[in-house]
Structures are given as structure tokens and as C-alpha cells.
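# Secondary and tertiary structure notes
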Amino acid sequence: IEALPAILDELVEQQKAEGTEQVGVSHLPFHLRLRSRLSPEMKGRTLVLENWQWLGLLLIILFGIVLEKLVSLLFSLGVRIWRARFATGSFREVADSILRPLGLMAMAFVWWAGLNLLGLPAKALVVLLVAVKFLACISTVWGAYRLVDLLGAFLKDKALGTENKVDDALVPLVTKTIKVFVTVMGVVFIADNLDVDVTSLLAGLGLGGLAFALAAKDVAGNLFGSITVLLDQTFHVGDWVIIGDVEGTVEHIG
């Protein structure tokens, strides 16, 4: 079985005998058809891969990087034009690079498609596909994280349109909470797609929860303090307050 690829390569290169039916090679995989047309020097093996496979990897990586730059540039220009002509309110503050994760997704797709065309050995292919899978997961989580900024801009405009000041303070808290949730779920999503035992990971986090809570007691105190301020309505966004030696306007509560 291990010798079958070499046997098939040799058969593809053999000349057909006269008087026999000429069988086409269109049914063969792309990498075998391409390899049959290459020179012996390109078929030489360096380290694990053949020379033409190393060259193919280089071209695929280069093409993916160029495509990522082009897609990011196009989306950046599109966001800039949309923000200047059509955006209103808080949407004018949206960053040009908010859709950059789509460029990384395009690069990951190109790399995935290209790697499957080179006929790489199983061990090398598995390692490279895991790396591409990790890149695709990162871009997906990053895209979801950036979409929260659009949701935050939408909620901010809605809050500014009401006379109630509680929602003005609640919007930043909700936005940050959603970002933390997306980050945590993204870590679990990436670990699950990389075949990491998520159950053991979560169990380990549960055991270390007490130590984490003790280390983050100031953060927890600030969290409950902000909730208390929101519930008691001690002050609102835009109020002028004096707290100890600090005096000024409340910009946000969170």
C-alpha cells in the first residue's frame, strides 16, 4: 500500500504501447497530472517534500497574503465611503479596519484549497491544515468581536434618543459584557475545533475559579460597584460630580 503512489507515478509517465487504447489522465488527481509534466529536477525531494511542492507552498502562501491585503484594503475603502456618505450618529466612529477579519478568512480559504491540491504527505498535510484551521477560527472569533462594536454603536444611538439616562450608562456595560462572552466562547470554539478536550479544560477552569476570584477581587468589586450605581441611580452620564479629590463630568459607568 505504501508503494502505490510511486507505482501510480511511474505508470502515468510510461508511454502507451502502439495499437492499445489511449486512456486519458483527466480522471487522475490534479497533483499527479501536474507532476507528470514536470522535469526530474522539480520532482527531486528536499527534506520531506518534493521541490515542486515547496515551490507550490511558497506561491500559495504568497497569494494568500496578497489576497488578504487586497480584501482588507477594499473593505477598508468601502467602510470609509459608507461612513462618509451614509453613516449617521455613532456609526461615524466605526474604524476602517472593522471588516479586516474577512481578509483573514479569504487567506485561510486560499491556503486550505491550495494545500489540498499539492498532494502533500499525510503527516505534513495534517500539520499545515491544523494551522490553517486555527487561522480560520481566529478570524471568525475576531469578526464576531468586531461586530459587537456595530451593535454598541446601534445601542448607543438608541440610548441617546431617549430621555432616560440609565440606558446611557447601561450600553457600555452591556457592550463590554458581550465582548467578554464572545472572547470566552471563542476560546472554547477554537479549542474544540483543534480537538482539545474542552470538558477537561472547563473543569480545570472551575477548579481554578477560587484562585482567580481572589486574584481579581478588585475587578469583581468594580463590577458590583457599577451595578449598584446603575440600580441606585446615584449619578448619571453627563452629571457633574465631586468624589474625594476628583471633580468632573461622568463620561461612562462600567
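A brief look at the structure comes next. Predicted model, so just to flag it, every value in this text is computed and none were measured.

### Topic: the packing of aromatic side chains
Going through the model one piece at a time under the given rule, you end up with 2 aromatic pairs. Between Trp-82 and Phe-91, the aromatic rings sit 6.0 Å apart at their centres with planes inclined by 80°, giving edge-to-face as the arrangement. Exposure remark for Trp-82: the relative accessible area of 33% places this residue in the partly exposed category.

### Observations regarding the layout of surface pockets
Roughly 440 Å³ of internal volume is contained in the largest pocket. Along its surface, the largest pocket is lined by 20 residues, and Ser-90, Glu-93, Gly-152, Ala-153 and Lys-156 are the ones closest to its centre. Those elements that place two or more of their residues in the lining of the largest pocket are helix H6 (122–160) and helix H7 (166–193). No other element matches H6, which puts 8 residues into the lining of the largest pocket. For the lining of the largest pocket, the class distribution of residues is 10 nonpolar, 4 polar and 6 charged.

### Overview of the nonpolar core
Residues Leu-57, Trp-111, Leu-115, Leu-118, Leu-120 and Leu-135 are the most contacted members of the largest nonpolar core, which totals 16 residues. Contributions of two or more residues to this core are made by helix H4 (51–85), helix H5 (100–115) and H6. Contact partners of Leu-135, with chain neighbours within four places excluded, come to Leu-104, Met-107, Ala-108 and Trp-111.

### A short note on the side chain of Glu-68
Of note, Glu-68 is situated in helix H4. In this structure Glu-68 comes out as buried when scored by relative accessible area, which is 4%.

Scoring rules and cut-offs
- Residues numbered from 1 in each chain as written.
- Predicted model: local features only at pLDDT ≥ 70, side-chain atom pairs only at ≥ 80, totals over all residues.
- Heavy atoms only, no water.
- Phe/Tyr/Trp six-rings, centres within 6.5 Å; stacked < 30°, edge-to-face > 60°.
- Buried < 20%, exposed > 50% of the residue type's maximum accessible area, 1.4 Å probe, protein only.
- 1 Å grid on protein atoms, 1.4 Å probe; cavity = no way out; pocket = protein on both sides within 12 Å on 5 of 7 lines; lining within 4 Å.
- Points joined across faces, edges and corners; volume = space filled by probe spheres on them.
- Helix = DSSP H or I, 4+ residues; strand = E, 2+ residues; numbered from the N terminus.
- Nonpolar A, V, L, I, M, F, W, Y, C, P; charged D, E, K, R; others polar.
- Core = buried A, V, L, I, M, F, W, Y, C linked by side-chain atoms within 4.5 Å.
- Contact = heavy atoms within 4.5 Å.

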